[in-house]
Structure formats: C-alpha cells, structure tokens
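# Structure at a glance
Here's the letter readout for the chains.
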Amino acid sequence: MEALPVLVLLASATGAAECLSVAAKVGETLARPLHLAHVQVGPHSIILPSQEQLSEYEAEHLADREQADTEAIRTLVRNWARENATDLPFDVFQGDEWRVMRQFRGKVSLVVLASPHTQPIGHRETLRAALLRTGRPVVMVPPGWSGGFGRRLLVGWEDVPPLRRAIDAFTPFLAGAEELEVVAVEQNDASLDLARKVIGPIAPAARYRLVAAAGRRTAQTLLDEARACRSDGLVMGAFRRGEILNWLVLGTSTRLIHDSFLPLAMSI
C-alpha cells in the first residue's frame, strides 16, 4: 500500500517557509512524501463578525489580497523546491479550508500548518478544519520558528484520550528524540508512574517531572518548561473537554495554540 503523504497546508505566505522546513523533517522521520496545498478563499467564504456581508469594495480588496498571496506562495514553493532539489505535488483550491480539508480525510497521515491566529481573515479556521475534517494529527508551526523539530521534545502529560492518540501518532519522534522531557503539571506521583508505563517502552531514556504551576496557567507552565529545556516540539492532546467547549471557554489547548513559540504536535 502506498504511504499516505504528509499534507502541508499553506494558508498564506506568513509562516509558509517555516512549515516547509518542519514538514521536510516530519516527512523524513515518517518516511512519508509531502503534498502541498493552498486554498484561495473567495469573498463569499468570509463573514466578518461586524456584518452579514462584505461591501463591494471589501470583496474586491480581499479577492486581490488572496490572488497576491497565492502568487507569493507559488513563488515561495517554487524557490524552496529548487533549493532542495525536489518536485512536490502542489494543489491550489478555491473555496475555504473547512470544505477543502474534508476531501483529505483518510488520504493523508498528518497535517503541517502555521499558527491559525497569525493568518489573514478567511484562514483562521485552518487548525480546526485540519483536525476535525481530516481526522489526522497536526503539527502547528509558529511563524518565525527556526529551531527544527523533533530533537528535544516535551510531552505535556495528562492521562486523557487525545494525548494518548498524540503519543501513538508521534511515536517515531518520541523514540528518536535526543532528549525527551515528560512534564505533569499540578499532578501526583501516580500520574507520573502511569506516564512512565505509557512512554517508557517508546523512549527508555525519557525524563519525568512533576511541576507546580505556582500561580501560572497550565499552558504558560508548559511553555515555560519548554523554553527552559530548549525544546523544539511540544506533544499535546487537543481539546480534551471537547472542541466546542474549548472554543466557548478558553482552555489549555486554546491558550497553547495562541501563545506557543514552538511547534505543537497534537491530536484530538
């Protein structure tokens, strides 16, 4: 059976080069080909919070912006392919990511994309679309990231199904990491013992720690730990309380997604 590719969703030129760099490492580790995609969003697919429909001027402005961004991405991909001596499939779709991602369900192994809140209007649902429509794990890359991916990983441990699925999905990275830190925030020794049972067979040299939040939110505590460990990836479960509830009431997943300075490897 042909290996399912890693889908690299380039929402805009912002963060696209960083996504390609991390995706190359992901594809190499998983022995999977890369498949690039971009969705050129039409004005009819964009609804602003302040109004029910766009004015004619706004529609023309957004259409021009989308066309310019598509051309910038084409140029960036062409240059990247030339520099890396490769030729990758690159599809440009019309519509919106929510509808387009549905057609990749069961056809990709995981998705690499940029932090959604850094993207233009019309492209800020990319992460939800990728996770929910493809049903695959995601690596989210903050624009400006230049630290690679997978050599020094941090696992934000909590015994919940999304994290268990993330551990399964990213097992090759956990097994191959030069350093692996497993951090349990505001938990107990029993929780850490369970983490050892789950992760120990994958990465025998992993280190385990209980960490006190000391007045910080869990998301900030994990990011502080990642910074102190010089991590180049944080493995996490996304939206353990349910995607809709986390959208309505900010949870750890939402805060990590918005505030992270390093790639997040996540599953739902």
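Bear in mind the structure is a predicted one, so any value in this text is a computation, not a measurement.

From N to C terminus, the protein includes ten helices and ten strands. Relative to its full complement of 268 residues, the protein shows a buried share of 50%. Look at the contacts in the protein between residues 6 or more apart in sequence, and 78% of them connect residues 24 or more apart. Total accessible area computed for the protein in this model is approximately 12,800 Å², and 51% of it derives from carbon and sulfur atoms.

Turning to the packing of aromatic side chains, a few remarks are in order. A complete count under the given rule lists three aromatic pairs for this structure. Each ring, one from phenylalanine 93 and one from phenylalanine 104, has its centre 6.0 Å from the other, and the planes form 85°; the classification is edge-to-face. Highlighted residues: phenylalanine 93 in strand E3 (residues 90-95) and phenylalanine 104 in the loop between helix H3 (97-102) and strand E4 (110-114), separated in sequence by eleven residues. The pair formed by phenylalanine 93 and phenylalanine 104 is uniform in burial state, with each residue classed as buried. When the ring of phenylalanine 170 is compared with that of phenylalanine 173, the centres are 6.0 Å apart and the planes differ by 55°; the resulting orientation is tilted.

Residues Val138 and Met140 line one face of strand E5 (residues 138-141) and the alternating positions Val139 and Val141 line the opposite face, and both faces are buried. As for the winding sense of the linkage, the β-α-β connection from E4 through helix H4 (residues 126-134) to E5 is right-handed. Where E5 and strand E10 (residues 264-267) come together, three bridges link them in antiparallel fashion. In the sheet register, valine 139 faces E10, and the bridge partner there is alanine 265.

Let's shift gears to the sheet that holds strand E8 (residues 207-211). Ordered in space as E3-E2-E1-E4-E5-E10-E9-E6-E7-E8, the ten strands form an open sheet in which the pairing is mixed. The open sheet terminates on both sides in strands that have one partner only, identified here as E3 and E8. Neighbouring strand axes in the sheet, compared pairwise and without regard to direction, differ in orientation by 25° on average. Here strand E6 (residues 152-156) pairs with strand E7 (residues 179-185) via five bridges, running parallel.

The rules behind the values
- Residues numbered from 1 in each chain as written.
- Predicted model: local features only at pLDDT ≥ 70, side-chain atom pairs only at ≥ 80, totals over all residues.
- Heavy atoms only, no water.
- Helix = DSSP H or I, 4+ residues; strand = E, 2+ residues; numbered from the N terminus.
- Buried < 20%, exposed > 50% of the residue type's maximum accessible area, 1.4 Å probe, protein only.
- Contact = heavy atoms within 4.5 Å.
- Areas by Shrake-Rupley, 256 points an atom, 1.4 Å probe, with all protein chains shown as cover.
- Phe/Tyr/Trp six-rings, centres within 6.5 Å; stacked < 30°, edge-to-face > 60°.
- Right-handed = clockwise from strand over helix to strand, strands pointing away.
- Pairing = 2+ DSSP bridges.
- Axes fitted to C-alpha atoms, helices over the stretch in contact; angles between N-to-C directions.

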